[in-house]
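Results of the structural survey
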Amino acid sequence: LDRRGYPQISYYEVSEHNLRYAAWNGTSWVTETVDAVNDAGVASALAISAGDRAHIGYYDATIGELKYATRAGSSDPWTIRTVDTGTDTGQYVKIAPGPAGQPCLVYYDATSHALRYAEWTGPAL
């Protein structure tokens, strides 16, 4: 939920094999595609930061990678980054903002059969 109490969700759009995002604006749902490259978003998790910024962690099933998407404002384009690469990493992702608002992700690495953790340590997003 954002500061107004409005819900936002990330989800996988099966027929197009892409990651989608939906936000309630008080009267209707606004939906959009976040990532339409490969088979993106099979598993996704969404966190909303204190400034109502959406942070999405998701699995790209085509290349077996964990990815992260965010944007500065609701009308800005999505910025997509690869968080972890491997032959099959990023499933069952969960995301939450850390103490400084940075994205923190927990996910399953099927290659090494391990639970993994990633945290953004770069400049503020």
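A few points about a nonpolar patch on the surface
On the surface, Val 106, Leu 115 and Tyr 117 cluster together into a nonpolar patch covering about 320 Å² of accessible area. In this structure, Tyr 117 sits in strand E10 (residues 114-119).

Side note on the packing of aromatic side chains
Across all of its chains, the model carries three aromatic pairs by this definition. Aromatic side chains Tyr 21 and Trp 78 sit 5.2 Å apart centroid to centroid with 70° between the ring planes, which places their arrangement in the edge-to-face category. Separated by 57 residues along the polypeptide, Tyr 21 in strand E2 (residues 18-24) and Trp 78 in the loop between strand E6 (65-70) and strand E7 (79-84) bring together distant segments of the chain. Grouping residues by exposure puts Tyr 21 and Trp 78 together as buried. The residue whose ring lies beneath Arg 81 is Trp 120, and the NZ or CZ to ring-centre distance is 5.0 Å.

Considering the sheet that holds strand E9 (residues 103-109)
The three strands are arranged E8-E9-E10 in an open sheet whose pairing can be described as antiparallel. The outermost strands of the open sheet, each flanked by one partner alone, are strand E8 (89-97) and E10. Across the sheet, the mean angle separating the axes of adjacent strands is 20° when strand polarity is ignored. Bridge count between E8 and E9: six bridges; the pairing is antiparallel. Residue pairing across strands places Ile 95 opposite Leu 105, the latter belonging to E9.

What to know about the confidence of the model for the protein chain
Predicted coordinates in regions of low pLDDT should not be interpreted in detail. With 98% of its residues at a pLDDT of 70 or more, the protein chain has an overall mean of 92. Of all the helices and strands in the protein chain, E8 carries the lowest mean pLDDT, 93, while E2 carries the highest, 97.

Definitions and cut-offs
Residues numbered from 1 in each chain as written. Predicted model: local features only at pLDDT ≥ 70, side-chain atom pairs only at ≥ 80, totals over all residues. Heavy atoms only, no water. Patch = residues over 30% accessible without salt bridge, like charges linked within 9 Å, V, L, I, M, F, W, Y side chains within 5 Å. Areas by Shrake-Rupley, 256 points an atom, 1.4 Å probe, with all protein chains shown as cover. Salt bridge = Lys/Arg side-chain N within 4 Å of Asp/Glu carboxyl O. Helix = DSSP H or I, 4+ residues; strand = E, 2+ residues; numbered from the N terminus. Phe/Tyr/Trp six-rings, centres within 6.5 Å; stacked < 30°, edge-to-face > 60°. Buried < 20%, exposed > 50% of the residue type's maximum accessible area, 1.4 Å probe, protein only. Lys NZ or Arg CZ within 6 Å of the ring centre and 35° of its normal. Pairing = 2+ DSSP bridges. Axes fitted to C-alpha atoms, helices over the stretch in contact; angles between N-to-C directions. pLDDT = per-residue confidence, 0-100.

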